[in-house]
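Structural characterization, general
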Amino acid sequence: MNRSDRLLVGQFIERKSILHRLDPRIKLISLLMLMVVIMMLDHRSGYVAATIAVVVILLVSRIPVLFYLRGLLPLLPVLLLTLLYHAMLGKGQTILASYGFLQVTVEGIEEGIRIVWRILLMILPASALTGTTRPLVLAQGLETLLKPLSKLRVPVEQFSLMVVIAIRFIPTILEEIHRIRLARRARGFEPSSRNPLSRLSEFIPILVPLLVSTARRADHLTLAIEARAYGDGRGRTVYRPLCLTKLDLAAGLLMLLSLSALLVLDDYLPHI
Amino acid sequence: MVNRIKKTVIEQQSGWELRDVCVKLDGTPVLKHIDLTLEPGTWTALIGKTGAGKSTLARLFKGLIPEFTGEYRLEGQSMARDRKGRARVVPEIGFVFQYPEHQIFETTVEKELSFALRMRGDSSKEIAASIRAILPTFGLSEELLQQSPFLLSGGQKRRLAIASVLIANPRLLILDEPTAALDPVSRRELLKLLRDWQRNGLQHEQRAVLFISHRMEDVAEYSDRVALLHEGRLLAHDTADELFLHRSELLSQAGMPLPEAIELLRLTGQLSGRALNPASCREADVLERVKEAWNARKETGGPSDEPF
């Protein structure tokens, strides 16, 4: 099971921290606000301040830094590509080198760094959210936040059930992959060397049986849900209802204040 | 003289031999100091409670457990290992996992059947011949070949999955509860088919089977030898007759039941006060003795509605 654990995106890590105890709704809203504020930052000083805020959040979560870094690993190619794109195709006056239509400019590099930095500032708190919140609690929080939408006839309950099922079945599907790979190996298939491309191609023939079994499983699940008279899911109760504590309100207020401070600082700090 | 030496050499080289093998999975010892040899031409049952280490032991034989201590010799050869010293999958051993129908992965029945042969590098002529030879044994028709295996019925899928392993003609076949969740008739059919496959191998092939099962009736019926695992240790490795008829205390030590027919035999023996020694632990032989005890009682003229 070790291998599939590593594959899991947005993995929950059990720790005793304030972030773990907070209500998922507060965390979701705070994350959303933080992301919006980061999008609104204009100056480098603002970025520095935001970085400090993000680092504080990560430290408070008590989750090992290594976990966060490992979570960034799959994004590395995207980040690098973004950086290169801006560095080579960005517009600017200070030309460092040029080759045909490619132009490396100081402004381009700066812009690239700024965007990569911005992406990092948004991803890291997001993984702090998934790292400190159980997936099912997170889905529950999402459902309560989206509840007003059901007035507009948006099927919020069904959507939330969908999310919960998707989360619940990630380990099952990983196990399925493992089983099919094992069956192939047992019949003489030799997983190829370290070449990442050929290792990737090993997964393509697995997709067909995986899709078949997943579809079959979904079918069974539908029957099971209907057999228990789920209906459209409206009016369902939860075992552990979410309730806001003083800690939650305090944390939300603190977040609001620091984010406003961040916006003000971005405009009034001496621009570096 | 020369012949005898030759024979001993062959005997020494054959079989699948574990010497003092220990396996730890995630730090917990699962198998402890296992000494076990699977001999060619024998059907060995592997029994034990859930969690006793049966599946791990079976996977070890196939080379699916990368790290273990001790020695594993396959037909006289040391186990092949990769550069990091980890065990490699043994292609000559066939492995049927639990719920075989879940191990189907190809897009057509033909591709599914030929997978192992293609991996081995057989020519397309050889592959076609092998497929034609194996289809009737498993009750599959040629019209199915181009169909998707996922459209077959449950029983067909299971037979297809097992056929796709047997088609490579493994020297040792490992069956991890192949009959789980089958109805009694299909179970008997499948076991008989596998038993026939094992026996009908050519003389020099000496096909061996390692059979994991929870049903003691099947174990008593089909096995030559039985290996009994308890908490990661090998408690017994003996003939099925010896274990079921004379050393049943080992079974109860491992928390395993006796086959129902043998339970009945013991009860009949107790009530009649006779020693009932069947020719083997197979159901027919055991019930034969039970019947005899009843007949003997009738002859002595006891009232027929009272126990012995």
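Residues numbered from 1 in each chain as written. Chains lettered and ligands numbered in written order. Predicted model: local features only at pLDDT ≥ 70, side-chain atom pairs only at ≥ 80, totals over all residues.

1. Description of the overall build of chain A
- Assigned secondary structure in chain A consists of twelve helices and two strands.
- Starting at the N terminus and walking to the C terminus, you meet the elements of chain A as α-α-α-α-α-α-β-β-α-α-α-α-α-α.
- The proportion of buried residues among the 272 residues of chain A is 16%.
- Nonlocal contacts in chain A, meaning residues at least 24 apart in sequence, comprise 76% of its contacts between residues at least 6 apart. (Helix = DSSP H or I, 4+ residues; strand = E, 2+ residues; numbered from the N terminus. Buried ≥ 20, exposed ≤ 12 C-beta atoms within 10 Å, placed from the backbone. Contact = placed C-beta atoms within 7 Å.)

2. Things to note about unusual backbone geometry
- A positive phi angle, close to 60°, is found at Arg62 of chain A, a residue other than glycine.
- Mapping Arg62 of chain A onto the fold places it in the loop between helix 4 (44-60) and helix 5 (65-72).

3. Let's talk about the UniProt feature "transmembrane region" (unreviewed entry) in chain A
Residues and elements named next belong to chain A.
- Mapped onto this structure's residue numbering, the UniProt feature "transmembrane region" (unreviewed entry) falls at residues 47-69 and 247-265.
- Helix makes up 83% of residues 47-69 and strand 0%. Its end C-alpha atoms lie 20 Å apart.
- When the span residues 247-265 is considered, its composition is 100% helix and 0% strand, and the gap between its end C-alpha atoms is 26 Å. (UniProt positions renumbered as here; feature names shortened; annotations may be inferred.)

4. Things to note about the confidence of the model for chain B
All names here are of chain B.
- Looking at chain B, pLDDT values average 88 and 92% of them are 70 or higher.
- In the predicted structure, residues 5-11 sits below a pLDDT of 50 and forms zero contacts with residues beyond four places in sequence or in another chain.
- At the level of chain-chain contacts, confidence expressed as ipTM amounts to 0.79, with global pTM at 0.75. (pLDDT = per-residue confidence, 0-100.)

5. Some details on the environment of Thr82 of chain A
- Tracing the backbone shows Thr82 of chain A in helix 6 (residues 76-89).
- Not counting residues up to four positions away in its chain, the partners in contact with Thr82 of chain A are Gly112, Ile115 and Val116 of chain A.

6. With respect to the nonpolar core
- Among the nonpolar cores identified, the biggest contains 81 residues, and Leu46, Ile174 and Leu210 of chain B are the most heavily contacted of them.
- The dominant element in this core, judged by the number of residues it contributes, is helix 5 (residues 154-166) of chain B, at six residues.
- Sequence-distant contacts of Ile174 of chain B, that is, excluding residues within four places in its chain, are made with Ala58, Phe61, Lys62, Ile93, Gly94, Phe95, Val96 and Leu210 of chain B.
- Leu41, Ala49, Ala53 and Leu121 of chain A belong to the second-largest nonpolar core, a separate cluster that totals seven residues. (Core = buried A, V, L, I, M, F, W, Y, C linked by C-beta atoms within 7 Å.)

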